[in-house]
Each structure stands twice: as C-alpha cells, then as structure tokens.
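Here is what each chain is made of, one letter per residue.
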Amino acid sequence: MPLLIVDDSESSLLALETAVRGFAGCVVESFTNPLEALDRCQAVDFDVVLVDYMMPQMNGIEMIRRLRRRPGYEDVPVVMITSQAKRSVRLEALEAGATDFLAKPFDPLELQARVLNLMALHKAQLALADRAKSLDMAFRHATEQADMREQEIIWCLAQAMASRDGNTGDHIERVANIAELIAEGLGLDRIQRRNIYLAAPLHDIGKIAIPDAILQKPGKLERHEIERMREHVPIGVAILANSSAELSRVATAIIAGHHEKWDGSGYPKGLSGDAIPIEARIVAVADVFEALCSDRPYKQAWPIEQAYEEIIACSGSHFDPACVAAFRRKWPAIRALFEHGAGENHHMAVLNG
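Keep in mind that what you see is a predicted model, and the values were worked out from it rather than measured.

What is the right way to look at the overall build of the chain in this model?
In terms of regular secondary structure, the chain is built from 16 helices and five strands. By the compact-globule yardstick of 20 Å for 353 residues, the chain is too spread out, its C-alpha radius of gyration being 34 Å. Referenced to the eigenvectors of the C-alpha coordinate spread, the extents of the chain come out at roughly 100 × 40 × 35 Å. With 353 residues in all, the chain has 44% of them scored as buried. Across the chain, every contact between residues at least 6 apart in sequence was considered, and the portion connecting residues at least 24 apart equals 65%. Total accessible area on the chain is roughly 17800 Å²; 54% of this is exposed by carbon and sulfur atoms. Positive and negative charge centroids in the chain, built from 38 and 50 side chains respectively, lie 3 Å apart.

So, in structure tokens, the structure goes:
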C-alpha cells in the first residue's frame, strides 16, 4: 500500500521513513516540499498520508485542505504530526480534514500502530465502497431487466390488440412515436416522454373484449354498437386496475382519457380542459391523426396534409391547444414517420432508455 510522508526536516523525514518501511506491502514516498507532494498525489493514490504541521512553503493544515479537494482523497486517512498542543490548532486541522494526530517527538511503536490501523481502516472503506458499487450495479441491471420484460409484455399486448382491430404494429408504433414527439414539444422530461411512448400503445387495449362484428364492421355503427364500442374504455382501465407500477398508472390515464375532448364533449366522463390527464390529451392527438392517415374497415386513409389540417382545425374543441401547438412544432418529424416509417431502431432506443 502506498504511503506518503511530508516533512521539511530531513532528520524527521528519515525517522518517519525508518519507522514505517518495515510494513509488509508498504511503499513509502517522502517529500520535504508540500507542493511537490501535492503534485505527486495527482499521479499516485496514497492510502495513508503523514504530514508535518510547521513547514515554510505551506503549513500542514493548508496542505490537508488542498488534498481533500482532490478527487479520490476525500476519505484517505491523514495524520498530522505536530509539536503544537494548542486546542485551536487541532480543531483547525480537524476542520481541514485531518484524521488523527501524532505528537513530536513521536514514539515509533505508536506511529506504527496508528498507521497500521489507518491502513486497515482505509482498506475496509475501499472494500465497502467496491461492494456498494457492485450491489448498485447488480440492482440497476435487475431493474433494467424487469423494465425490459414489462415493456416487451406491453408491446406484445398492444400488437395483439392492434391485429384484432384490423391494424398492424406500424399503427401502434406511429401512435407511440407521435405521442412522444408531442410530449417533447411540450417540454416534458425524458422519463415522462419515455413512459408516454411505452404506455401509448395500450390506449385501446379494452377493445379485446369488443366483438369482431363491431370492430371490423365496414359501415357506420348503430347506436347500440357505438355504446358497446365505448365500453372498451372502462374495460381497459379494469385490465390495469391492480397494477401499482408507474408505467401502468400512465397507461391507465391514457386509456381512461384519450376519448375525452378539450371542450367536454367526449366520453366516458365528459371531462374538459386540464381535468383530462396530460398523457391522455397528448395521445388523443396522436391517435386521431394516425387513424385519419390509416385505412380502416369503415374508411380509406386521408392524405397526410388533410389529416394535419383536421388536427389544427380541432384545436380548442377536440384537442388541447397546447398539444396541437406542440404537434405543429414537431410536424417535420411527424411527417417523416409516414414517409420513412417509424423504425425499429427508435423503438429499441426508447426501450433502452
């Protein structure tokens, strides 16, 4: 273990070196100039530092202060060797970061005992820090794996529902991407954007309980069929009701509110304005725009520019004006999704956070 000794007295330095050189595995470096010693600390991680108090270039207290500011030296044991018995000096040294004191003239046996104890302490601190780091890495890895499994299950469920509804994976991918872009345009943070991207594909999961005859009907739905179709919202909410995960909370907010309208004319609760969760307001724009641009059993796809104009026209009635403004700001990127495809790379990038 490397040990640093700093003392401007050649005789004191020799005595200190003689006392500690016999330690097994101990490599000693000595300096009479504290500035040179500090420079050496940039290249070597010493495990224990012995420093004299009275030195002409810089006293020991100032050296300790500077040493403690160096990365890696925040917790290294530092022993101040001093003939000063004043309480004020010792307090100042402790405030600067001294670990222990040794009086001059020192007892070699006492010095050896203190240095050996401090070396053992520092070794234990390093081992504990390494253990904590390993545990943290293991926890992070386990958490990431759990998140990935949850995300993959969500995506599989959404794709299964999309295929039943006459859609493809491209539909849910585009809704997710558009929602994330709108969230970014609104200034939401990375975690919020990621949760919206991952939860958006579940917005119509409740349709799993709606009969195919209604889901795939090519013509206009009858009144009773509309009421049956609208049941997919409470069904979807019920599917996630027992989950306490944050991602499930976001998905539930989206499912419950993406058919609500800014002016209160939506369903199922007739919520209006900010009473509709922001995640649902975002996905409402993304879902309607993507639906307008896609072929459905009951309609042909609209031209993308016409669908864009429809979203703009519905600002303040169907949609949150702030979400529409963000949609407009992100329009070049949204249009590119339909020109070039959503892209698997983006999907995996978001899953990996």
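Still more ground to cover, so stick around.
Could you clarify how one ought to interpret helix α12 (residues 278-292) in this entry?
The end-to-end C-alpha separation of α12 is 22 Å, in line with the 21 Å expected for 15 residues at 1.5 Å each. Most of α12 sits inside the fold, with 13 of its 15 residues counted as buried.

Help me understand the sheet that holds strand β4 (residues 78-82) in this model?
Sheet strands pair by backbone hydrogen bonding; their relative direction is either parallel or antiparallel. Taken in spatial order, the five strands line up as β2-β1-β3-β4-β5 in an open sheet, and their pairing is parallel. Looking along the sheet, the strands with just one partner apiece sit at the ends: β2 (27-31) and β5 (100-103). Ignoring which end each strand starts from, the neighbouring axes of this sheet average 20 degrees apart. The pairing of β4 with β5 spans four bridges and is classified as parallel. Bridge pairing in β5 links Ile 81 to Leu 102. The strands touched by helix α3 (residues 60-68) are β1 (2-6), β3 (48-52) and β4; relative to β4, the strand with the most contacts, the crossing angle is about 170 degrees.

What should I look at first to understand helix α14 (residues 321-329) in this one?
Since the α-helix turns once every 3.6 residues, residues separated by three or four places project in the same direction. Buried within α14 we find Cys 323, Val 324, Ala 326 and Phe 327. Mapping the buried residues of α14 onto a view down its axis gives an arc of 160 degrees, with all of them on the same face. In this structure Asp 320 caps α14, since a side-chain oxygen of it lies 2.9 Å from the backbone nitrogen of Ala 322.

Quick question: what am I supposed to make of the pairing of β3 here?
For a regular strand, side chains alternate in direction, first toward one face of the sheet and then toward the other. The element β3 is largely enclosed, with a buried count of five among its five residues. Here β3 shows a buried face lined by Val 48, Leu 50 and Asp 52 and a second buried face lined by Val 49 and Val 51. Across four bridges, the pairing between β1 and β3 is parallel. Residue pairing for β3: Val 6 is matched across the bridge by Val 51. Pairing geometry for β3 and β4, over four bridges, is parallel. When the sheet's bridge partners are listed, Val 49 is paired in β4 with Val 78. Between the parallel pair β3 and β4, the chain is carried across by α3, and the sense of this crossover is right-handed.

It is not clear to me how the pattern of salt bridges should be interpreted in this structure. Could you clarify?
Pairs can form between side chains of opposite charge whenever their charged atoms are close. Under the defined criterion, the tally for this structure stands at 18 salt bridges. Note that Asp 320 is salt-bridged to Arg 281, the shortest N-O span being 2.8 Å. Of this pair, Asp 320 sits in the loop between α13 (304-313) and α14 while Arg 281 is found in helix α12, placing the two residues 39 residues apart along the sequence. Here Arg 281 falls in the buried class, since its relative accessible area comes to 11%. Among the ionic contacts, a cluster of salt bridges with common partners joins Glu 62, Arg 65, Arg 66 and Glu 92.

Conventions we followed
- All chains use their own residue numbering, which begins from 1 and follows the written sequence.
- With the structure being a predicted model, the display of local features is reserved for residues of pLDDT at least 70 and the display and counting of side-chain atom pairs for 80 or more, all residues being used for whole-chain, interface and lining totals.
- With hydrogens and water set aside, each side-chain value is computed from the structure's full complement of heavy atoms.
- Put simply, DSSP H or I for four residues or longer makes a helix, DSSP E for two residues or longer makes a strand, and each gets a number counted from the N terminus.
- Atoms counted for the radius of gyration: C-alpha only. Globule rule: 2.2 Å times residue count to the power 0.38.
- When a residue's accessible area, from a 1.4 Å probe over protein chains only, is under 20% of the maximum for its type it is buried; when over 50% it is exposed; and in between it is partly exposed.
- In this description, contact between two residues means that some pair of their heavy atoms is separated by no more than 4.5 Å.
- Residue burial considers only the protein chains on display, and all accessible areas are found by Shrake-Rupley using a 1.4 Å probe.
- Note that His is not counted, nor are the chain ends; the positive residues are Lys and Arg, and the negative ones are Asp and Glu.
- Throughout, a charge is located at the NZ atom of Lys, the CZ atom of Arg, the CG atom of Asp or the CD atom of Glu.
- The span one expects for a helix is its residue count, reduced by one, times 1.5 Å.
- Strands were regarded as paired on the criterion that DSSP finds at least two bridges between them.
- Angles run from 0 to 180 degrees between N-to-C directions of axes, and those axes are lines fitted to C-alpha atoms, restricted for helices to the stretch in contact.
- Regarding the arc, it is the one traced by the directions from the helix axis to the C-beta atoms.
- For the purposes of these results, a polar contact is taken to be a pair of N or O atoms within 3.5 Å, where, inside protein, one atom must be able to donate a hydrogen and its partner to accept one; residues adjacent in sequence count only when each atom of the pair is a side-chain atom.
- If you view a crossover with the strands going away from you and the path from the first strand over the helix to the second runs clockwise, you call it right-handed.
- Think of a salt bridge as a Lys or Arg side-chain nitrogen and an Asp or Glu carboxyl oxygen that are within 4 Å of each other.

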